[in-house]
Amino acid sequence: GRKLSIGLSPHVIDRLPKGWPRHTRFLEAYIRETRVCEDVELLWSNDLDALLLGDQTRHSGLYEQEVYASNTSGPLFFVTRPGLARCRQSRAVIEELER
């Protein structure tokens, strides 16, 4: 299956497990690459499949899910285009974050 490219806000990197997502083999099947970025336009241009942000974008047309990652204070926001919102890869990433 397809693997996701995920942009990570600089504000969330320190809130994730060290080395995320490479800290666990579980995500190797679901994530192709990560890069430090929080530009929602890259979702529309298909340069990224998802963003992991510290704040809501409230950007109409995008799907945002609050994620309560273990060992973090406050929610993170997993942001995708609607077609990827409930795909197997997105569900796997969210499930792993909430472990």
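A brief structural summary. (Residues numbered from 1 in each chain as written. Predicted model: local features only at pLDDT ≥ 70, side-chain atom pairs only at ≥ 80, totals over all residues. Heavy atoms only, no water.)

Details of the sheet that holds strand β3 (residues 50-53)
Strand-to-strand pairing in sheets goes through backbone hydrogen bonds, with the strands running parallel or antiparallel. Here is the rule we go by: We treat two strands as partners when DSSP finds at least two bridges between them. Counting from the N terminus, the helices are DSSP H or I runs at least four residues long and the strands are E runs at least two residues long. Angles shown run from 0 to 180 degrees and are taken between the N-to-C directions of axes, each axis being a line fitted to C-alpha atoms and, for helices, limited to the stretch in contact.
Taken in spatial order, the five strands make up an open sheet running β2-β1-β3-β5-β4, and their pairing is mixed. The open sheet has two edge strands, β2 (31-36) and β4 (63-67), and neither has a second partner. For this sheet, the mean inter-axis angle between neighbouring strands, taken without regard to orientation, is 20°. Pairing geometry for β3 and strand β5 (residues 76-80), over four bridges, is antiparallel. By the bridge assignment, Leu52 is partnered in β5 with Phe78.

Some thoughts on the nonpolar core
One broad trend across soluble globular proteins is that nonpolar side chains are buried collectively. Heads up, the rule is: Nonpolar cores were defined as sets of buried Ala, Val, Leu, Ile, Met, Phe, Trp, Tyr and Cys residues, with membership established by side-chain atoms within 4.5 Å. Each residue is assigned to one of three classes by its accessible area relative to the maximum for its type, calculated with a 1.4 Å probe on protein chains only: buried under 20%, partly exposed between the two thresholds, exposed over 50%. The contact criterion used throughout is that any non-hydrogen atoms of two residues lie within 4.5 Å.
If you look at the biggest cluster of nonpolar residues, it comprises 19 residues, and the most contacted ones within it are Ile6, Leu16, Trp20, Leu52, Phe78, Val93 and Leu97. Within the residue set of this core, elements represented by two or more residues are β1 (4-8), β3, β5 and α3 (88-97). Broken down by element, the residue count for this core peaks at four residues, all from α3. Not counting residues up to four positions away in its chain, the partners in contact with Phe78 are Leu4, Ile6, Ala50, Leu51, Leu52, Tyr63, Glu64, Gln65, Val67, Ser90, Val93 and Ile94. Counting residues in hydrophobic clusters, the runner-up holds 10 residues, among them Val40, Leu42, Leu43 and Val79.

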